Amino acid sequence: MASPDRSRLRFWLLYAAGWSPFAAIYALLLMVQGAPPLGAVLGSLGTVAPAALLGAIVWRFAQRPATLSSSRVRFLLMHAGLAMIFAALWTLTIIASIYYGAPRAVLEQFLRNAIGWQFLSGLTLYAVIAGIATATANA
């Protein structure tokens, strides 16, 4: 059996590897929209890193289903609320990143065209992280 430190390191390496394709695709999308390579990588990290950090909290929480209420409705309502918080926090970090690192027109375009999709992506991402964490906890 692996030591706790080794297991933790293994988890974080696998966790980072799982986020890497997401960051790479996001950087490619930014480059397609005209961002220079370094700007695309930094923009990708500024978007994906907060999601990954928030996701680690979701993972920890979802790994402990025994501490949750036995009521299925309460369980689902709790996760729905947490998903909303996750999506809102992630969306706010992206807005802050754009506000401090991009021209004003980019922020206006994001707020006009993408904020809803970003929030929906956050809800979906929460569901994926919590689902995988819960499934692996019960495996």
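Before any of the text, the structure's been laid out above.
Remember, predicted model here, so these are calculated numbers, not experimental data. (Residues numbered from 1 in each chain as written. Predicted model: local features only at pLDDT ≥ 70, side-chain atom pairs only at ≥ 80, totals over all residues. Heavy atoms only, no water.)

S.K.: Can you tell me about the packing of helix H2 (residues 37-62) against helix H3 (residues 72-101), naming the residues and giving the values?
M.R.: For any two helices packed against each other, the geometry comes down to the angle between their axes and how far apart the axes lie. For the pair H2 and H3, the least separation of the axes is 9 Å and the interaxial angle reads 160 degrees. The angle between the axes of H2 and H3 places the two elements in the roughly antiparallel class. Crossing angle aside, the handedness with which H2 passes H3 is right-handed. Of H3, the residues touching H2 (which contributes Thr-47, Pro-50, Ala-51, Leu-54, Gly-55, Val-58 and Phe-61) are Met-78, His-79, Leu-82, Phe-86, Leu-89, Trp-90, Thr-93 and Ile-94. Looking at side-chain class alone, the contact of H2 with H3 contains 11 nonpolar, four polar and no charged residues. (Axes fitted to C-alpha atoms, helices over the stretch in contact; angles between N-to-C directions. Helix = DSSP H or I, 4+ residues; strand = E, 2+ residues; numbered from the N terminus. Parallel < 35°, antiparallel > 145°, perpendicular 65-115°, else oblique. Left-handed = near helix turned anticlockwise from the far one by under 90°. Contact = heavy atoms within 4.5 Å. Nonpolar A, V, L, I, M, F, W, Y, C, P; charged D, E, K, R; others polar.)

S.K.: Any chance you could break down a nonpolar patch on the surface for me, citing the residues and the numbers?
M.R.: Taken together, Leu-38, Val-41, Leu-42 and Leu-45 make up a surface patch of nonpolar side chains, about 390 Å² in accessible area. Mapped onto the elements of the fold, Leu-45 is located in helix H2. (Patch = residues over 30% accessible without salt bridge, like charges linked within 9 Å, V, L, I, M, F, W, Y side chains within 5 Å. Areas by Shrake-Rupley, 256 points an atom, 1.4 Å probe, with all protein chains shown as cover. Salt bridge = Lys/Arg side-chain N within 4 Å of Asp/Glu carboxyl O.)

S.K.: I'd like to hear about the packing of H3 against helix H4 (residues 104-113), residue by residue, with values.
M.R.: Following both chains from N to C, one finds H3 and H4 inclined at 155 degrees, their axes separated by 8 Å at the closest point. Between H3 and H4, the angle falls in the class roughly antiparallel. Within the contact between the two elements, H3 uses Ile-94, Ile-95, Ile-98 and Tyr-99 and H4 uses Arg-104, Val-106, Leu-107, Phe-110 and Leu-111. Class assignment for the residues of the contact of H3 with H4 results in eight nonpolar, no polar and one charged.

S.K.: Which residues make up the nonpolar core, and what values do they have?
M.R.: As a rule of thumb, soluble globular proteins bury nonpolar side chains together. Judged by nonpolar contacts, the single largest core of 24 residues is most densely connected at Trp-19, Val-58, Phe-86, Trp-90, Leu-125, Tyr-126 and Ile-129. Those elements that provide at least two residues to this core are helix H1 (4-32), H2, H3, H4 and helix H5 (115-137). The element best represented in this core is H2, accounting for eight residues. In contact with Trp-90, not counting residues within four places along its chain, are Phe-22, Thr-47, Pro-50, Ala-51, Leu-54, Gln-118, Ser-121, Gly-122 and Leu-125. (Core = buried A, V, L, I, M, F, W, Y, C linked by side-chain atoms within 4.5 Å. Buried < 20%, exposed > 50% of the residue type's maximum accessible area, 1.4 Å probe, protein only.)

S.K.: Which residues make up the side chain of Gln-118, and what are the values?
M.R.: Its location among the elements puts Gln-118 in helix H5. With residues up to four places along the chain from it excluded, the contact list for Gln-118 reads Trp-90, Thr-91, Ile-94 and Phe-110.

S.K.: Report on the environment of Leu-54, specifying residues and quantitative values.
M.R.: Within the secondary structure, Leu-54 is located in helix H2. Since its relative accessible area comes to 19%, Leu-54 is described here as buried. Through-space distance from the C-alpha of Leu-54 to that of Trp-90 is 7.7 Å; in sequence the pair is 36 residues apart. Once residues within four sequence positions are removed from consideration, Leu-54 is found in contact with Phe-86, Leu-89 and Trp-90.

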